[in-house]
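# Residue-level structural notes
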Amino acid sequence: MANRKFIVGNWKMNGLSEQLTDIAEIAKFADKYEGVDVAICPPVTLIAQAAEHNPGFMIGAQDCHYADNGAHTGCLSAAMIREAGARLSILGHSERRTDQHETDAEVKAKAQAVHAAGLSAIICVGETEQQRDAGQAVEIVCGQLAGSFPENADASWLTIAYEPVWAIGTGRVPEVADVEEMHAAIRKKLNELMGEGAGGVRILYGGSMNGGNAAQLLAVANVDGGLVGGASLTAEKFGPIIEAAAAA
Ligand code: PEP
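On a predicted model such as this, the values are computed, not experimentally measured, just so you know. (Residues numbered from 1 in each chain as written. Predicted model: local features only at pLDDT ≥ 70, side-chain atom pairs only at ≥ 80, totals over all residues. Heavy atoms only, no water.)

### Describing the overall build of the protein chain
Within the protein chain one finds 10 helices and eight strands. In terms of overall size, the protein chain behaves like a compact globule, its C-alpha atoms giving a radius of gyration of 17 Å where 248 residues would be expected to give roughly 18 Å. Counting only C-alpha atoms and orienting by the principal axes, one finds that the protein chain spans roughly 45 × 45 × 35 Å. Residues counted as buried form 50% of the 248 residues belonging to the protein chain. (Helix = DSSP H or I, 4+ residues; strand = E, 2+ residues; numbered from the N terminus. Rg over C-alpha atoms; globule rule 2.2 N^0.38 Å. Buried < 20%, exposed > 50% of the residue type's maximum accessible area, 1.4 Å probe, protein only.)

### Focus on the nonpolar core
Residues I7, F57, I160, I186, L190 and F238 are the most contacted members of the largest nonpolar core, which totals 63 residues. With six residues, the single largest contributor to this core is helix α10 (residues 235-247). Here L190 is in contact with L145, F149, I160, G195, A198, V201 and I203, once residues within four sequence places are set aside. V8, L88, I90 and C124 belong to the second largest nonpolar core, which has 11 residues in total. (Core = buried A, V, L, I, M, F, W, Y, C linked by side-chain atoms within 4.5 Å. Contact = heavy atoms within 4.5 Å.)

### Some points on the environment of D68
Turning to its location among the elements, D68 is positioned in the loop between β3 (58-61) and α3 (78-84). Along the sequence, D68 and R97 sit 29 residues apart, while their C-alpha atoms lie 21 Å from each other.

### Digging into the packing of helix α7 (residues 137-148) against helix α8 (residues 176-194)
At a closest axis distance of 10 Å, the pairing of α7 and α8 adopts a crossing angle of 35°. Taken as a pair, α7 and α8 cross one another with a handedness that is right-handed. When α7 is examined against α8, the residues A137, V138, V141, C142, L145 and A146 are found in contact with a partner set consisting of E181, M182, A185, I186, K189, L190 and L193. Each residue belonging to the contact of α7 with α8 can be placed in one class, and the counts come to 11 nonpolar, no polar and two charged. (Axes fitted to C-alpha atoms, helices over the stretch in contact; angles between N-to-C directions. Left-handed = near helix turned anticlockwise from the far one by under 90°. Nonpolar A, V, L, I, M, F, W, Y, C, P; charged D, E, K, R; others polar.)

### Topic: the site of the ligand
Taken together, 14 residues lie near the ligand, and K12, E163, G169, S208 and G229 sit nearest. The contact in question runs from an oxygen atom of the ligand to an N or O atom on the side chain of K12, over 2.6 Å. One of the backbone nitrogen or oxygen atoms of G229 is found 2.8 Å away from an oxygen atom of the ligand. If the ligand stood free it would expose 290 Å²; the protein chains cover 95% of that surface. Tallied by class, residues from the shell around the ligand come to four nonpolar, eight polar and two charged. (Near = heavy atom within 4 Å. Polar contact = N/O pair within 3.5 Å; in protein donor to acceptor, adjacent residues only side chain to side chain. Areas by Shrake-Rupley, 256 points an atom, 1.4 Å probe, with all protein chains shown as cover.)

Function-wise, these values are silent; they only describe arrangement.
See the structure below:
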């Protein structure tokens, strides 16, 4: 049986309180298409206000620290983002793996901390263009997945996002056959890593998804939803993606 589609918006470092009206507008689409799970991960400064608005879908964070507390200036623990109103966290986004040098081991520890705090986790994996050109994409992505994979993983709280680094924010999208190959490889790896229950772990595609290409991407086998950056900032752009997920 196909998994329920999950569409997640990653606002990255965008949004002040005036953008809360966009969350209210997006909520209208989430209400209309009840068969789709929707989440928005705004900057941490907006989590509490967004959650208070009770938009009828999940509000998440874009990262959290793996430690419960301590001398980690500028960082936030899973309990802190939970208290602010987050119900999930994106982890190991390629921008953090690059800019903050996050390792697979750190992403794994973060996922375990998030789960221990009662939150869901979205672990991001993806190859660079150089790695794809060298024919290493599947090997790299499955290696990242194995290295970042938390103990006691379960479909009730874990989601994987496949995001080719070269497709993020570039307007470029892989061939459908390449998306299909990668999502099948991720499913196979999940089977190896967790056995029973692997089929229920949702695998999102991320990288320049928009209202024009969402239907095609969401129709691919093992694509259980999307992680969306630029096109998640307004209801005008995000709504059609939710609509496409409902029809997929
Ligand atoms: C992302 O940041 O996770 C992402 C997929 O961005 P964009 O949709 O803008 O490519």
